[in-house]
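The primary structure of each chain is shown beneath.
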Amino acid sequence: MPADHAGAGRRTALVTGANRGIGLAVCRRLAVAGHEVVLTARDPARGREAARGLAADGLAVRVERLDVTDPAGAADCARRLREDGVTVDVLVNNAGTYPTTPFFDVSEHLLRDTLDIHLMGAFRTCRAFVPGMAERGWGRVVNVSSTGGQLTAATPGPAAYGIAKAALNALTLVVAAAVPPTVKVNAVCPGWVRTAMGGAGAPLSPDQGADTVAWLARLPDDGPTAGFFHARRRIPW
């Protein structure tokens, strides 16, 4: 695979669901690498608290409210950034939940909510930020998915989560096909990570889980697109 490289110039990266866990670790990695970072959170107070933790380590980020389940949330965030002259070059769709309800106990409400976060949330942010990347001729989109959404290697699961992640993987391919090859669009499984979703028994730290996410966010111009990755290696859809 190509070496880790951010491309020319100082880039701005926006990360959803970034006030804790993998999202916060991605913000840290990208800030350390020299990116301008927009840390977004559904609750701005939690976003500011996370930003203070980064600031204690000398890392400055911008905090924005972004609830990916709000149909207007991504567009409103994009408008606020444009008004301040900020263009988003890197989009990391990290916001998510992990429902484990067995299929025959999954309500229509739960499935809709899960799809709203994982699929529609990424759809909304891609609609808000990716056209600008295409117009400028450079961009990186990283959709944080899971092997729970694989179709070729396993049955998607847990039920609502697996269905939503399979749909997110399909969205990844559709968006990749809709943009020029200078905009790299990929999905990633970060692995089983010690977060509020992954639990205390997971083998990977948030920083370890963030590694391939940040690597895809910083792909060189000859890097891959329309792929699904884990541990910096392409895996089956």
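The structure under discussion appears in the preceding block.
Predicted, not measured: the structure shown is a model, and the values here were computed from it. The numbers attached to residues start from 1 for each chain and follow its sequence in the written order. The predicted origin of the model limits local features to residues at a pLDDT of at least 70 and limits the giving and counting of side-chain atom pairs to 80 or more, whereas totals for whole chains, interfaces and linings rest on all residues. Neither water nor hydrogens contribute to the side-chain values; these are computed over all heavy atoms in the structure.

## Some points on helix H6 (residues 206-217)
In DSSP terms, a helix is any run of H or I states spanning at least four residues, a strand is any run of E spanning at least two, and both are numbered starting from the N terminus. Each residue after the first adds 1.5 Å to the expected span of a helix. Taking 1.5 Å per residue as the helical rise, H6 with its twelve residues ought to reach 16 Å, and the 16 Å between its terminal C-alpha atoms agrees with that figure. Of the positions making up H6, those classed as buried are Gly209, Ala210, Thr212, Val213, Ala214, Trp215, Leu216 and Ala217. For this analysis, residues touch if any pair of their heavy atoms sits within 4.5 Å. Contacts made by the buried residues of H6 are with helix H1 (21-32), strand E4 (90-93), strand E5 (139-144), strand E6 (183-188) and strand E7 (228-230). Burial classification: accessible surface area is computed with a 1.4 Å probe over protein chains only, and a residue below 20% of its type maximum counts as buried, one above 50% as exposed, and the rest as partly exposed.

## Re the state of the cysteines
Only a pair of cysteine sulfur atoms within 2.5 Å counts as a disulfide in this structure description. Within this structure, the stated rule accounts for zero disulfides. Left without a disulfide partner, cysteine 77 is nearest to the cysteine sulfur of cysteine 27, which lies 12 Å away.

## Concerning the packing of aromatic side chains
Between the rings of Phe, Tyr and Trp (Trp by its six-membered ring), a pair exists once the centres lie within 6.5 Å; its type follows the angle of the planes, with under 30 degrees stacked, over 60 edge-to-face, and the other angles tilted. All told, the structure shown has four aromatic pairs when counted by the stated rule. With a centroid separation of 5.7 Å and an interplanar angle of 75°, the aromatic rings of tryptophan 215 and phenylalanine 229 are classed as edge-to-face. With tryptophan 215 in helix H6 and phenylalanine 229 in strand E7, this residue pair connects regions lying 14 residues apart in the sequence. Taking relative accessible area as the criterion, tryptophan 215 reaches 2% and is therefore assigned buried. Aromatic pair phenylalanine 228 and tryptophan 237: ring centres 5.2 Å apart, planes at 20°, arrangement stacked. A ring is scored as having a charge over it whenever the NZ atom of a lysine or the CZ atom of an arginine sits within 6 Å of its centre and within 35 degrees of its normal. Lying over the aromatic face of tryptophan 138, arginine 11 brings its terminal NZ or CZ to 3.7 Å of the ring centre. The lysine or arginine in question, arginine 140, covers the ring of tryptophan 138, its NZ or CZ lying 4.1 Å from the ring centre.

## What to know about the side chain of serine 205
Assignment of secondary structure puts serine 205 in the loop between E6 and H6. Of the residues examined, serine 205 reaches a relative accessible area of 18% and is grouped as buried. Sequence-distant contacts of serine 205, defined by excluding residues within four places in its chain, comprise Val193 and Arg194.

## A few points about the pairing of E6
Most of E6 is tucked away: six of the six residues are buried. With burial as the criterion, each face of E6 is covered, one bearing Val183, Val185 and Ala187 and the other bearing Lys184, Asn186 and Val188. Here, a strand pair is defined by DSSP locating no fewer than two bridges between the strands. The pairing of E5 with E6 spans six bridges and is classified as parallel. From the neighbouring strand, valine 144 faces E6, where its bridge partner is valine 188. Crossover handedness is defined by viewing with both strands directed away from the observer: a clockwise path from the first strand over the helix to the second marks the crossover as right-handed. Note on the crossover from E5 through helix H5 (residues 159-178) to E6: the handedness is right-handed. As defined by bridge partners, E6 adjoins E7 across two bridges and the pair is classed as parallel. The partner of valine 188 across the bridge, within E7, is phenylalanine 229.

## Quick word on the environment of valine 183
Following the sequence through the fold, valine 183 ends up in strand E6. Residue valine 183 is classed as buried on the basis of its relative accessible area, which comes to 0%. Along the primary structure valine 183 and valine 130 are separated by 53 residues, whereas in three dimensions their C-alpha atoms are 8.4 Å apart.

## Things to note about the environment of isoleucine 117
Turning to its location among the elements, isoleucine 117 is positioned in helix H4 (residues 108-136). Along the primary structure isoleucine 117 and threonine 97 are separated by 20 residues, whereas in three dimensions their C-alpha atoms are 7.5 Å apart. In contact with isoleucine 117, other than residues within four places in its own chain, are Val68, Thr69, Ala95, Gly96, Thr97 and Ala122.

## Details of the packing of helix H3 (residues 73-83) against H4
How two helices sit against one another is set out by the angle between their axes and by the gap between those axes. Working convention: axes come from line fits to C-alpha atoms, limited for helices to the stretch in contact. Angles between N-to-C directions cover 0 to 180 degrees. Running from N to C, H3 and H4 point in directions that differ by 25°, and their axes come no closer than 8 Å. In this view, H3 runs roughly parallel relative to H4, as classed from their interaxial angle. Where H3 crosses over H4, the handedness of that crossing is right-handed. Only Arg124, Thr125, Ala128 and Phe129 of H4 make contact with H3, whose side of the interface consists of Ala74, Ala75, Cys77, Ala78 and Leu81. Residue polarity is assigned by list, with Asp, Glu, Lys and Arg as charged and Ala, Val, Leu, Ile, Met, Phe, Trp, Tyr, Cys and Pro as nonpolar; anything else, Gly included, falls into the polar class. Tallied by class, residues from the contact of H3 with H4 come to seven nonpolar, one polar and one charged. Each angle is binned into one of four classes, with values under 35 degrees roughly parallel, values over 145 roughly antiparallel, values of 65 to 115 roughly perpendicular, and all other values oblique. Each helix crossing is assigned a hand: it is left-handed if the near helix lies turned anticlockwise from the far helix by less than a right angle, otherwise right-handed if that turn is clockwise.

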